Amino acid sequence: MTSGTLVAQITDYANRADPYPLYAELRGTPVRREDDGSYLVSTYYEVRSLANDPRLSNDTGNRPAGYARPGQPAPESGLPPSFIFTDPPVHDRLRDTINRPFGPPHSPRFLDGLRGELAKTVTELLDAFEGKDQVDIVEDFSYPLPVTAICRVLGVPREDEPRFHVWADALASSIDPHSGEDGGPEKAQRARQDMGAYLIDLIETKRRHPGPGILSALAPDMTPADLEATAVLLLVAGHETTVNAISNTTLTLLRHPDLLQRFQKEPELAVPLIEEVLRYEPPVQFVPWTTALADIDIAGTTIPKGSPVWLMLAAANRDPKRFQDPDRFDPDRKDNEHLGFYTGIHYCFGAPLARIELHLAVPELFRRVKFSGLLEDPPPYRANAVLRGPRHLPVAIEGLTA
Amino acid sequence: MSADTDVEVLRRQGRIVVVGASLAGLRAAETLRDQGFTGSLTMIGDEPYEPYDRPPLSKQALLGRARPEDTALPRRRDIDAEWRLGVAAAGLDRDAKLVRLANGDTVPYDRLLIATGTRARPWFHPEEAALDGVFVLRTRDDSARLHRKLAGAVSRVLVIGAGFTGSEVASACRELGLDVTVAERGPAPLVGALGGVIGAVADRLQRKKGVDLRCGISVTALEGDEVGRLRRAHLSDGSAIDVDVAVVSLGAMRNTEWLAGSGVAAGPRGIACDAGCRVFDVNGIVTDDIYAAGDVARSPHPLFDYQFLALEHWGNAVEQAEIAAHNMICAGPDRRPHLWLPMFWSSQFGVNIKSVGVPSLGDQLVVAQGALAEERFVAVYGYRGRVIAAASFDGAKWLGFYEQQIAAGAPFPPEYRTVDRRTETLHPIDPAFPDPHLPTHGATVTLTGHSPSERRVAFVPAHA
Ligand SMILES: Cc1cc2nc3c(=O)[nH]c(=O)nc-3n(C[C@H](O)[C@H](O)[C@H](O)COP(=O)(O)OP(=O)(O)OC[C@H]3O[C@@H](n4cnc5c(N)ncnc54)[C@H](O)[C@@H]3O)c2cc1C
Ligand code: HEM
């Protein structure tokens, strides 16, 4: 196999349902140069080390001409990049500011305060299963909750929520380095513009009439453009990822009936179970937008300054040097420091929210629904190779308890 | 009987005694059981409590966010030990292989672990130290007493010594809304540990947060009222301030006195042991049945010219305890060296401070990321052209990288580009450590020289 074909295979839709053999092959060369000069890093310790390396940048503006620069708004748009695509000090300043109304130490109770409403959403979604013998877990369960969660975080009025569902969809596909199949870039750009226009209005309203949610709290401290970029980021980063996490958990449990049974008897298994899903089927498979600011010697290879670097989280999460029997789904694993939420300064900002959503949704799903099995295995997947997850997850169900 | 069967017998039915029932002692005991030691285990501790954690005592506990009695160390597993709490070990008889307790009991051992840690250096004048309102901070009881006092009507707190503990206490006081004066003999807070350049940042931070900071000043006397309550402190510049609380934070003293005369290499700088945690005797011969770990131990480190390092770091106590426990019940070839890279953290005035390596060894410093003026940076210390340490203010996530640089002996200064580097070229400057012979609050990493023993052994040539 010549180098370069592996990336094509990983992004090839035909391998979406099971990319793990390709990742295993990739780990054979922990730091692998592609023909276009990008580097793929696939082993646990190397990925972890690079994610914490100050010589690696998330600002794709550092890439030499000729390489894709995801996350960089067109200069004529006048928009700033969202903080995921920035380096310190800008990154830290923005992230600290945005965290102030969101999490500890300033707002340790903000997310907890959302639990009640989110639990209600879960209940309503499950109530609608009544009388059905077949549901699509993605459409009918995983999909609606994360958008609701982000709308509550931002403080979007309920009646506007449906529009966010549409935008979330269109924007997620823009994360894919080889998008196109989904109607990709144009659709995403239009959604981005519509959402931008909506947000500018909403931010202005919030500035004059503060209400719940972080936009109100942040309006006095941030420029409208930064705030808009942040709102879009939270939607893009927090929607499909969480949808995939819920769907992947359901899929994985239905593939392991023994564990499903155990989970129904031991609800406290939820914590290690969900963490193991984030290792075993991570919703963000890889981070393809980092760039080396200097020559970096790692695992016997020198990544030259300016190279695009892809950190392959899903491959690292199954590195046998770090995880015993890595292809086994094992919630009893000790010391499960997976990279599903990444590590370092760009560690998932929404991880506490994602965990709250997962812990509200998953145990309740398996408590109330009696499953008879998957109707399609593997299920059909979305085109996206980065935010990988099922497009539909049809399952047969036998009943619903209150 | 071969050494291997000895080890087997020891693992099955040996007697292991741990003196010092705190962080290092507990983690060692857990490791012993984890690794299959089924013999008898005795934990001797002079404090009346089961092992608890100290870092919160100068942080959350003073703010009332954690009660001192809630700081019990989480247990990793059951250790099935006999606990002898509230009684001190008073002596060691190496020939009889037993520990003598203060109540006259003796406890025999096959293997002994010494983890007696340190205690707070008391105020030098005993009568003044006894005044109501004068505190040190090392134990759970110290913290509880201080917290109670601070929660009452206090007009001004004096912190004596601006090392990590003193600075944390001052920070907690400010958070509680109390007026604080900090007196530091050195030129800035934290200078012993991080040097004057970083000390100046800590200095600014303290003043910005409203601390009345007085550097280059020592406290000469504490004065009480007629009923023995602290009311005033006298300073070396001739001034005096009215205070009703003084927290003496002048560093730590190693708990080695109980070993006097035992023949092991124990003294004020700690107990010398080899990289495998085996204690040396005064002749520089390593023992095979006595081990040391935690704050009380000092051992040679290859990254620092094989000088003996004494580390008052939480992480070191854990790691060294695990290594000591492992080596105690292993045959020679299976033993592991304790090569932990020093790592320390502190939180004060809303900033997370962290260091790796041995900053005080540094002869040069660069600000590699961030900016001192923003109180958010990573400073890298060089020693003879290689990276020897790094310290960060709100930049802890980067220190893993610099830890690798230190371990690899990477060249200093680090010339490569990084995120958040503010200058095209880095200009190394003198980190400005005070003369190590001048007493200050004391650093938490100390290089203690090459000799395992502080006692001189007279060399008498054998006669032909
Ligand atoms: C207020 C405070 C804040 C701290 N904050 C930090 C921090 O932020 N970060 C960090 O890295 N480190 C911090 N430390 C340091 C850290 O707590 C120590 O490194 C750690 O406690 C060392 O554990 P040890 O078991 O070696 O010693 P110790 O915890 O000192 O335990 C020794 C034990 O032995 C007992 N003992 C002594 N002599 C005898 C005897 N003769 N017989 C029986 N028992 C005896 C002592 O009473 C004590 O219980 C802090 C320490 C203090 C006091
Ligand atoms: C299970 C669900 C989730 C997973 C697996 C996940 C995973 C990740 C990963 C791998 C990154 C690092 C990406 C990079 O640096 O390039 C990241 C960053 C981020 N995530 Fe999540 N995420 C999840 C849910 C959420 C949610 C619910 C939110 C929003 C509230 C969110 C917001 C963010 C943001 C803002 C960043 C950028 C952080 C930074 O650059 O500092 N995520 N996430």
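In this text, all values refer to a predicted model and were calculated from it rather than measured experimentally.

Side note on the overall build of chain B
A count of helices and strands for chain B gives 10 helices and 29 strands. Here the C-alpha radius of gyration of chain B, 23 Å, is about what a compact globule of 464 residues would show, namely 23 Å. Seen through its C-alpha atoms, chain B measures out along the principal axes to roughly 70 × 60 × 55 Å. Scored against the burial criterion, the 464 residues of chain B give a buried share of 56%.

Some points on the pairing of strand 4 (residues 89-93) of chain B
All names here are of chain B. The sheet contact formed by strand 4 and strand 5 (residues 98-101) spans four bridges and is antiparallel. Of the residues in strand 5, the one forming a bridge with L92 is V99. Two successive antiparallel strands, strand 4 and strand 5, enclose a turn made up of four residues, where K97 displays a positive phi of approximately 50°.

Points about helix 10 (residues 399-407) of chain B
Residue and element names in this part refer to chain B. Burial in helix 10 covers these residues: L399, F401, Y402, Q405 and I406. Down the axis of helix 10, the sector holding all buried residues measures 150°, keeping them to one side. Here the buried face of helix 10 lies against strand 25 (351-357), strand 26 (364-371), strand 27 (376-383) and strand 28 (386-393).

A closer look at the UniProt feature "domain: Reductase C-terminal" (unreviewed entry) in chain B
Residues annotated in UniProt with the feature "domain: Reductase C-terminal" (unreviewed entry) correspond here to residues 344-415 of chain B. A helix fraction of 12% and a strand fraction of 50% characterise residues 344-415 of chain B, whose end C-alpha atoms lie 25 Å from each other.

Considering the pattern of salt bridges
In the structure shown here, the tally under the stated rule is 56 salt bridges over all chains. For E168 of chain B, the salt bridge is made with K59 of chain B, and the minimal N-O distance between the two is 3.1 Å. Of this pair, E168 of chain B sits in helix 6 (residues 164-175) while K59 of chain B is found in the loop between strand 2 (40-45) and helix 3 (60-63), placing the two residues 109 residues apart along the sequence. By relative accessible area, E168 of chain B is classed as buried at 5%. Among the ionic pairs, D105 of chain B bridges to R84 of chain B, the shortest N-O distance being 2.5 Å. Taken together, the residues D105 of chain B in the loop between strand 5 and strand 6 (106-108) and R84 of chain B in strand 3 (residues 82-85) connect sequence positions 21 residues apart. Exposure remark for D105 of chain B: the relative accessible area of 32% places this residue in the partly exposed category. On the accessibility criterion, R84 of chain B (18% relative accessible area) is buried. A cluster of three or more residues bridged by salt bridges with shared partners is formed by E117, R152, R158 and E161 of chain A.

Structural notes on the packing of aromatic side chains
Applying the stated criterion across every chain yields a total of 25 aromatic pairs over all chains. With centroids separated by 4.6 Å and ring planes inclined at 25°, the aromatic side chains of F102 of chain A and F349 of chain A adopt a geometry described as stacked. Note that F102 of chain A is positioned in the loop between helix 4 (90-99) and helix 5 (115-127) and F349 of chain A in the loop between helix 15 (313-316) and helix 16 (351-368), a separation of 247 residues in sequence. Where F401 of chain B meets Y402 of chain B, the ring centres are 4.9 Å apart and the plane angle is 80°; that geometry is what we call edge-to-face. Side by side, F401 of chain B and Y402 of chain B carry an identical accessibility label, which is buried. Linked through ring pairs, F83, F102, F110 and F349 of chain A together constitute an aromatic cluster. Taking the ring centre of Y416 of chain B as reference, the NZ or CZ of R55 of chain A above it sits at 5.2 Å. A cation over an aromatic ring shows up here: R279 of chain A above the ring of F323 of chain A, its NZ or CZ 5.2 Å from the ring centre.

So, the site of ligand 1
Residue and element names in this part refer to chain B. Neighbouring residues of ligand 1: 30 residues in total, closest S22, D46, E47, R54 and K59. Here a nitrogen atom of ligand 1 sits 2.9 Å away from a polar atom, N or O, in the main chain of A89. A distance of 3.4 Å separates an oxygen atom of ligand 1 from a polar backbone atom of T118. Contact with the protein chains hides 95% of the accessible area of ligand 1, taken as 1000 Å² for the molecule alone. Those elements that provide at least two residues to the shell around ligand 1 are helix 2 (23-34), strand 2, helix 9 (314-328) and strand 24 (343-348). The residue makeup of the shell around ligand 1, split by class, is 13 nonpolar, 10 polar and seven charged.

Focus on unusual backbone geometry
Along the chain, D377 of chain A connects to P378 of chain A via a cis peptide bond; the corresponding omega equals 0°. You can see P378 of chain A is positioned in the loop between strand 9 (369-374) and strand 10 (394-400). Cis geometry is adopted by the peptide bond preceding P413 of chain B, which originates at F412 of chain B and carries an omega value of -5°. Within the fold, P413 of chain B resides in the loop between helix 10 and strand 29 (445-447). Of note in this structure, L190 of chain B is not a glycine but carries a positive phi near 60°. Here L190 of chain B lies in the loop between strand 11 (179-184) and helix 7 (191-194). Residue class for L190 of chain B comes out buried when judged on its relative accessible area of 1%.

Looking at the nonpolar core
In this structure, F129, F141, F164 and L199 of chain A are the most contacted members of the largest nonpolar core, which totals 84 residues. At 10 residues, helix 16 of chain A tops the list of elements feeding residues into this core. Contact partners of F141 of chain A, with chain neighbours within four places excluded, come to V122, L125, L126, F129, D136, I246, A361 and L365 of chain A. Grouped together as the second largest cluster of nonpolar side chains are 73 residues, L293 of chain A together with V351, I353 and Y402 of chain B included.

A closer look at the sheet that holds strand 15 (residues 240-242) of chain B
Residue and element names in this part refer to chain B. With antiparallel pairing, the three strands of this open sheet are ordered in space as 13-14-15. Looking at the sheet topology across the chains shown, the edges are occupied by strand 13 (219-224) and strand 15. Across the sheet, the mean angle separating the axes of adjacent strands is 20° when strand polarity is ignored. Note: strand 13 against strand 14 (residues 230-235), five bridges, orientation antiparallel. Each residue of the ladder has a partner; that of G224, found in strand 14, is L230.

Notes on the site of ligand 2
Residues and elements named next belong to chain A. In the region of ligand 2, 27 residues are neighbours, and H91, R95, W289, H346 and C348 sit closest. Residue H91 places a side-chain N or O atom 2.6 Å away from an oxygen atom belonging to ligand 2. For ligand 2, an oxygen atom lies 2.7 Å from a polar atom in the side chain of H346. Broken down by secondary-structure element, the contributors of at least two residues to the shell around ligand 2 are helix 4, helix 11 (224-238), helix 12 (240-255), strand 5 (287-292) and helix 16.

Describing the environment of L375 of chain A
Residue and element names in this part refer to chain A. Take L375: it is sitting in the loop between strand 9 and strand 10. Among the residues examined, L375 registers a relative accessible area of 43% and is labelled partly exposed. Considered as a pair, L375 and D136 are 239 residues apart in the sequence and their alpha carbons are 9.6 Å apart.

Concerning the coordination of the iron atom of ligand 2
The reference angle at a metal is 109.5 degrees if four donors form a tetrahedron and 90 or 180 degrees if six donors form an octahedron. Among protein atoms, the single one acting as a donor to the iron atom of ligand 2 is C348 of chain A (SG), 2.3 Å away. With respect to the helices and strands, C348 of chain A occurs in the loop between helix 15 and helix 16.

Let's talk about the domain arrangement of chain B
All names here are of chain B. Considered domain by domain, chain B is made up of domain 1 (5-119 + 253-334), domain 2 (122-250) and domain 3 (343-437). Between the C-alpha centres of domain 1 and domain 2 the distance comes to 31 Å. Each side of the interface is counted separately: domain 1 has 19 residues, and domain 2 has 16 residues. Taking both sides of the interface into account, the surface hidden between domain 1 and domain 2 amounts to around 1700 Å²; carbon and sulfur atoms contribute 59%. If you sort the residues of domain 1 by the area they bury against domain 2, Y49, L62 and L63 come out on top, with a joint share of 36%. Run the count over domain 1 and domain 2 and you get three salt bridges.

The rules we used
- Residues numbered from 1 in each chain as written.
- Chains lettered and ligands numbered in written order.
- Predicted model: local features only at pLDDT ≥ 70, side-chain atom pairs only at ≥ 80, totals over all residues.
- Heavy atoms only, no water.
- Helix = DSSP H or I, 4+ residues; strand = E, 2+ residues; numbered from the N terminus.
- Rg over C-alpha atoms; globule rule 2.2 N^0.38 Å.
- Buried < 20%, exposed > 50% of the residue type's maximum accessible area, 1.4 Å probe, protein only.
- Pairing = 2+ DSSP bridges.
- Arc of directions from axis to C-beta.
- Contact = heavy atoms within 4.5 Å.
- UniProt positions renumbered as here; feature names shortened; annotations may be inferred.
- Salt bridge = Lys/Arg side-chain N within 4 Å of Asp/Glu carboxyl O.
- Phe/Tyr/Trp six-rings, centres within 6.5 Å; stacked < 30°, edge-to-face > 60°.
- Lys NZ or Arg CZ within 6 Å of the ring centre and 35° of its normal.
- Near = heavy atom within 4 Å.
- Polar contact = N/O pair within 3.5 Å; in protein donor to acceptor, adjacent residues only side chain to side chain.
- Areas by Shrake-Rupley, 256 points an atom, 1.4 Å probe, with all protein chains shown as cover.
- Nonpolar A, V, L, I, M, F, W, Y, C, P; charged D, E, K, R; others polar.
- Core = buried A, V, L, I, M, F, W, Y, C linked by side-chain atoms within 4.5 Å.
- Axes fitted to C-alpha atoms, helices over the stretch in contact; angles between N-to-C directions.
- Donors = N, O, S within 2.8 Å, 3.2 Å for Na, K, Ca; no water.
- Domains from an automatic or database assignment.
- Buried area = accessible area lost by both parts, 1.4 Å probe.

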